[in-house]
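Structural characterization, general
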Number of protein chains: 2
Amino acid sequence: MAADHPYDPTFTDRVVNAMGPKTSPRLRQLMSGLIRHIHDFARENELTVDEWMAGVQMINWAGRMSDEKRNEGQLLCDVIGLESLVDEITYKVAADADAPTATAILGPFFRADTIARQNGDCLVTGVDDCEMTFMHGQVVDFTTKKPIPGAFVEVWQASTNGLYEQQDPDQVEHNLRGKFRTDENGRYWFYCIRPTPYPVPDDGPAGKLLELMDRHPFRPAHIHILATHDKYKPLVTQIFDRKDQYLTNDSVFAVKDSLIVDFVPRKDDPKASLELEYNVKLVPAEANTNGA
Amino acid sequence: MAADHPYDPTFTDRVVNAMGPKTSPRLRQLMSGLIRHIHDFARENELTVDEWMAGVQMINWAGRMSDEKRNEGQLLCDVIGLESLVDEITYKVAADADAPTATAILGPFFRADTIARQNGDCLVTGVDDCEMTFMHGQVVDFTTKKPIPGAFVEVWQASTNGLYEQQDPDQVEHNLRGKFRTDENGRYWFYCIRPTPYPVPDDGPAGKLLELMDRHPFRPAHIHILATHDKYKPLVTQIFDRKDQYLTNDSVFAVKDSLIVDFVPRKDDPKASLELEYNVKLVPAEANTNGA
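Per an unreviewed UniProt entry, chain A carries the name Catechol dioxygenase and comes from Talaromyces proteolyticus. What the UniProt record of chain A gives under Sequence similarities (unreviewed entry) is the line "Belongs to the intradiol ring-cleavage dioxygenase family."

Here you go:
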């Protein structure tokens, strides 16, 4: 095969073929694809030593900045859309009304030890400049449409200052975060805040990359949801406020049309001026709707 | 344009087009190319969230391990051939007898403060199990073929235990390293060791990746050379022992045919049993042979 570039035409094949016989088939596939794409990228764009080294320094910087509370390598991927893309690839479902609830990325602020709360509880402590919202919904079986009692609905959201509780020493632990259990009708309900847009952390390499690409770091206002039940596939998603100014230019490209929701006025509730209904359709664990 | 995959056909364009008007043209080109290739890689191979996260952890690990003495991000690139490829792209020259000396990667063990030595000096302290070599050569102008007096030739090599002096507390500082100045005939000469193969550091993510790819970490025996002169383009290269067993499967893919040399027997020199002649052809600084 004649090369369509002026460089050593055998080079990439030599690198790919260096993999030994004990390489697992999946790793061989992934590394072959990655090596070919990265080499093609370098040749097509005549990547120089200095430009490549700038990329290496950015990767090393990301690693140095990462710890249990922060994953800067993940954030670098997020701002080039990679986490949202692999999310789509992994959990591919049609985004129409008759489909299970669409997925969105987990993000770096999930806590595995989210506190359990009772239906009707309020997630909010010490947030004065917010619009209180009564959020409720039903978790149903995607195939039978029947409600699922005893499902867990975990939610987490940033405060109006743009920070999740673990980023913010001024918030009480587990603020704006809670794990609810659906009742006998598959229903959950609680009070939270109408979310506000916030920037992803921009003091590291991901922030530098956004600046270089002349992009803002903001995420549209959203609420994270993780819905689980022993007999169903876990669902990780985010729901977005239809009125948010960043809905069409999320810095991590997580918005899908079916995840956009409406906050509507709520009357006669001293605890909330807004209401949000969000129903979740879970896929039975044994089903195989996405080829996975 | 119809997509040849089942995923959102607008996604990658949306990520690329998010770059703002103040993005520099070169960065726009590089990020567009990188985003398209990485997204194509993910879709073509149906990259899952778990596989992507394994890659993120490897990148973060590389950053955590890097410091002034070690660049693990660079080494990760090296084992997939990327540094050698961008070296070829940056310093492209035809590798025939009539060409300037070919380049090879600088590698992580260069020291900017290499000690100056006199022609005829010996680089070697405390290495007993080596074959002593008299290395010499001439630095000439690639265009006029005339010798270049006053050029600097820096060399560095690993000891027989596979370690460069800055990796090895048991070696004296600047061992197996020196900066020579060519005489009025453009000649340099000194004593060094016949290099031996050694593994790249394999206790980090690059070593893990090599293991996963069922590849050995060895580099063929080589001597690093940096040749400089005010009026010429600097040359970074490596020369390789023709008899080395790893010549065809260098773990970082740096070998080029024109950089393979022969160590020949040397007679009547009590200081060395081998001899190596290596001549260097430098390109005048104002010349533009490689389009750079």
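The operation linking the two copies of the chain is a rotation about an axis combined with a translation along the axis. Overlay of chain A on chain B (RMSD 0.0 Å): rotation 180°, translation along the axis 0.0 Å. The relationship between the two copies is best expressed as a two-fold rotation axis. Of the C-alpha atoms belonging to chain A, the one lying closest to the rotation axis is found on Gly63 of chain A, 1.9 Å away. Interface overlap between copies is the fraction of interface residues in one copy that are interface residues in the other; for chain A against chain B it reaches 100%, indicating a shared surface.

Next up on the list: unusual backbone geometry. All names here are of chain B. Residue His174 is not a glycine yet carries a positive backbone phi of 65°. The residue His174 is located in the loop between β2 (152-156) and β3 (177-181) in this model. One non-glycine residue, Phe253, adopts positive backbone phi at about 60°. Along the polypeptide, Phe253 turns up in the loop between β8 (232-241) and β9 (260-261).

A separate point is the UniProt feature "domain: Intradiol ring-cleavage dioxygenases" (unreviewed entry) in chain A. Per the UniProt record, the feature "domain: Intradiol ring-cleavage dioxygenases" (unreviewed entry) sits at residues 106-282 of chain A. When the span residues 106-282 of chain A is considered, its composition is 5% helix and 34% strand, and the gap between its end C-alpha atoms is 17 Å.

Contact residues are listed per partner, giving 70 residues for chain A and 70 residues for chain B. Buried area between chain A and chain B, summed over both chains or domains, comes out near 6,100 Å², and the portion from carbon and sulfur atoms is 69%. The interface formed by chain A and chain B contains 2 salt bridges. As a salt-bridge pair, Glu51 of chain B and Arg26 of chain A come within 2.7 Å of each other at their nearest N and O atoms.

The subject of this paragraph is the packing of aromatic side chains. Evaluated as defined, the whole model comprises 16 aromatic pairs over all chains. Ring plane angle 55° and centroid distance 5.2 Å describe the contact between Phe134 of chain A and Tyr191 of chain A, whose orientation is recorded as tilted. Placement of the pair is Phe134 of chain A in strand β1 (residues 132-141) and Tyr191 of chain A in strand β4 (residues 187-193), with a sequence separation of 57 residues. Under the relative-accessibility criterion, Phe134 of chain A is labelled buried at 11%. Both rings, one in Phe110 of chain B and one in Trp156 of chain B, keep their centres 5.1 Å apart while their planes meet at 55°; by these two values the pair is tilted.

In total, this model carries 38 salt bridges over all chains according to the counting rule given. Its salt-bridge partner being Glu211 of chain B, residue Lys208 of chain B comes within 3.8 Å of it at the nearest N-O pair. Taken as a pair, Lys208 of chain B and Glu211 of chain B lie in helix α6 (residues 205-212) at a separation of 3 residues, close to a single helical turn. Since its relative accessible area comes to 32%, Lys208 of chain B is described here as partly exposed. Residue Glu211 of chain B is classed as exposed on the basis of its relative accessible area, which comes to 55%. Between Asp269 of chain B and Arg266 of chain B there is a salt bridge; the shortest N-O distance is 2.7 Å. Judged by its relative accessible area of 14%, Asp269 of chain B falls in the buried class. Within this structure, Arg111, Asp113, Glu165, Glu173 and Arg177 of chain A form a network of salt bridges that share partners.

Residues and elements named next belong to chain A. When its domains are assigned, chain A resolves into domain 1 (11-75) and domain 2 (93-282). Once you take the C-alpha centre of each, domain 1 and domain 2 turn out to be 33 Å apart. Between domain 1 and domain 2, the contact holds 9 residues from the first and 12 residues from the second. Summed over both partners, the interface of domain 1 with domain 2 buries about 930 Å², with 70% contributed by carbon and sulfur atoms. Connecting domain 1 to domain 2 are 1 salt bridge. Measuring nitrogen to oxygen at the nearest pair gives 2.7 Å for the salt bridge that ties Arg70 to Asp203. Taken together, domain 1 and domain 2 are joined by 2 residue pairs in polar contact (both at pLDDT 80 or more). For the side of domain 1 that touches domain 2, the secondary-structure elements that each account for two or more residues are α3 (49-65) and α4 (72-79). Counting residues per element, the side of domain 1 that touches domain 2 draws most heavily on α3, at 4 residues. Along the lines of polarity and charge, the residues of the side of domain 1 that touches domain 2 split into 5 nonpolar, 1 polar and 3 charged.

Bringing the side chain of Thr182 of chain B into the picture now. For Thr182 of chain B, the position within the fold is in the loop between β3 and β4 (187-193). Engagement of the side chain of Thr182 of chain B in a polar contact is seen with the backbone nitrogen of Gly150 of chain B, the distance being 3.0 Å.

Residue and element names in this part refer to chain B. Strand order in the open sheet formed by 5 strands is β3-β2-β7-β8-β9, and the pairing between neighbours is mixed. With one partner strand each, in any of the chains shown, β3 and β9 form the two edges of the open sheet. When β2 meets β3, the two strands line up antiparallel, connected through 5 bridges. The residue of β3 that forms the bridge with Phe152 is Arg181.

Between the first and last C-alpha of helix α3 (residues 49-65) of chain B there are 24 Å, a value that for 17 residues agrees with the 24 Å anticipated at 1.5 Å per step. Residues of α3 of chain B that are buried include every one of Val49, Trp52, Val56, Met58, Asn60, Ala62 and Gly63 of chain B, and no others. For α3 of chain B, the elements touching its buried residues are α3, α4 and α5 (82-90) of chain A together with α4 (72-79) and α6 of chain B.

All names here are of chain A. The buried fraction of strand β8 (residues 232-241) is high, at 7 of 10 residues. Two elements, strand β7 (residues 222-229) and β8, share 7 bridges in a ladder whose sense is antiparallel. Considered in β8, the bridge of Ile225 is made with Thr237. Adjacent in sequence and paired antiparallel, β7 and β8 are bridged by 2 residues. One ladder, built from 2 bridges, connects β8 with strand β9 (residues 260-261); its direction is parallel. The residue bridging Phe240 from the neighbouring strand is Ile260, located in β9.

Criteria and thresholds
- Residues numbered from 1 in each chain as written.
- Chains lettered and ligands numbered in written order.
- Predicted model: local features only at pLDDT ≥ 70, side-chain atom pairs only at ≥ 80, totals over all residues.
- Heavy atoms only, no water.
- UniProt positions renumbered as here; feature names shortened; annotations may be inferred.
- Least-squares fit on C-alpha atoms with pLDDT ≥ 70 in both.
- Contact = heavy atoms within 4.5 Å.
- Helix = DSSP H or I, 4+ residues; strand = E, 2+ residues; numbered from the N terminus.
- Buried area = accessible area lost by both parts, 1.4 Å probe.
- Salt bridge = Lys/Arg side-chain N within 4 Å of Asp/Glu carboxyl O.
- Phe/Tyr/Trp six-rings, centres within 6.5 Å; stacked < 30°, edge-to-face > 60°.
- Buried < 20%, exposed > 50% of the residue type's maximum accessible area, 1.4 Å probe, protein only.
- Domains from an automatic or database assignment.
- Polar contact = N/O pair within 3.5 Å; in protein donor to acceptor, adjacent residues only side chain to side chain.
- Nonpolar A, V, L, I, M, F, W, Y, C, P; charged D, E, K, R; others polar.
- Pairing = 2+ DSSP bridges.
- Expected span 1.5 Å × (residues − 1).

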